[in-house]
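Remarks on the overall topology
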Amino acid sequence: MKYRRLTALVSALLLSASLLAGCGQSAGKDADAVIGTWAYIHDPETPVLTLKKSGKAEYKGETYRYTADAKYINLTSKDEELHLRYTKDEDEFYLYQPATYQPAGDQVADAGSYIGKWSDPDTGWSFEFTEEGSFVEDGYFPGAYTANGDSIKLMYEDHFYDTTIYYTVENGELHIEYPWSMVQAN
């Protein structure tokens, strides 16, 4: 009889220990590469994203829990779920931040087409894509582009390196994930 009680007690303790250990899990093995406090390269004093080993995160002033895999940082709160695409190697970290663009001017958005003028009402940023393969960003930065499935490669004439953005067109809106170069915040 004592043996059964001892076995039950040991089993209960092991179960409790494994549950407690699960509560303190990190955000995953891929998260180790992005743990830290990150800022835009052009403003290293202002943190944008903080990722802690405990799985807690802060993004643009909001608090989240997070996990990370090799492609996305997944942020969740009781009100919101965000999936931020990223790329990171030893030298560079790019965070692809989502933005939603509305048709601009008299444009009628074709289902699934990114061709035309688009603007983000929150930031005032804009894109115009032509059928001939040219684009203008923010009314000032021109270039050529190629599209491939869910991505567009922007080849700027001046100012910037070639940049790949990811996009979808849903319900007459253009959703873009644009890469921002990140550095450890000062």
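The following paragraphs examine the structure supplied in this document.

Each value, and the rule that gives it
Residue numbers here run from 1 along each chain, matching the order of that chain's written sequence. A pLDDT threshold of at least 70 governs which residues receive local features in this predicted model, and a stricter bar of 80 or more applies before side-chain atom pairs are shown or counted, although totals over entire chains, interfaces and linings include all residues. To obtain the side-chain values, all non-hydrogen atoms of the structure were included, while hydrogens and water were left out. The helix count covers DSSP runs of H or I at least four residues long, the strand count covers runs of E at least two residues long, and both are numbered beginning at the N terminus. For the exposure calls, accessible area comes from a 1.4 Å probe over protein chains only, and a residue counts as buried if that area is under 20% of its type's maximum, exposed if over 50%, partly exposed in between. Two rings belonging to Phe, Tyr or Trp (six-membered ring only in the last case) form a pair when the distance between their centres is within 6.5 Å. Interplanar angles under 30 degrees mark stacking, angles over 60 mark edge-to-face geometry, and anything in between is tilted. Criterion for a charge above a ring: Lys NZ or Arg CZ within 6 Å of the ring centre, and within 35 degrees of the ring normal.

**Concerning unusual backbone geometry**
Phi at Lys 60 takes a positive value of approximately 50°, unusual for a residue other than glycine. Locating Lys 60 in the fold gives a position in the loop between β3 (56–59) and β4 (62–68). Lys 60 gets classed as exposed once you look at its relative accessible area, which sits at 51%. Its identity is not glycine, yet Asp 138 carries a phi of approximately 55°, on the positive side. Residue placement: Asp 138 occurs in the loop between β10 (134–137) and β11 (141–148).

**Some thoughts on the packing of aromatic side chains**
The final tally for this structure, using the stated rule, is 17 aromatic pairs. Judged by centre distance (6.1 Å) and plane angle (80°), the rings of Tyr 86 and Phe 93 are edge-to-face. With relative accessibility at 6%, the residue Tyr 86 sits in the buried group. Ring centres of Phe 141 and Phe 160 lie 4.9 Å apart, and the angle between their planes is 70°; this geometry places the pair in the edge-to-face category. Here the residue Phe 141 occupies a position in strand β11, and Phe 160 occupies one in the loop between β12 (151–156) and β13 (163–170), the gap between them amounting to 19 residues. A relative accessible area of 18% means that Phe 141 is categorised as buried. Given a relative accessible area of 38%, Phe 160 falls into the partly exposed group. A connected cluster of aromatic rings, assembled from ring pairs, spans Tyr 101, Tyr 114, Phe 127, Phe 129, Phe 135, Tyr 140, Phe 141, Tyr 145, Tyr 156, Phe 160 and Tyr 167. One cation-aromatic arrangement involves Arg 85 over Tyr 166; the distance from NZ or CZ to the ring centre is 3.6 Å.

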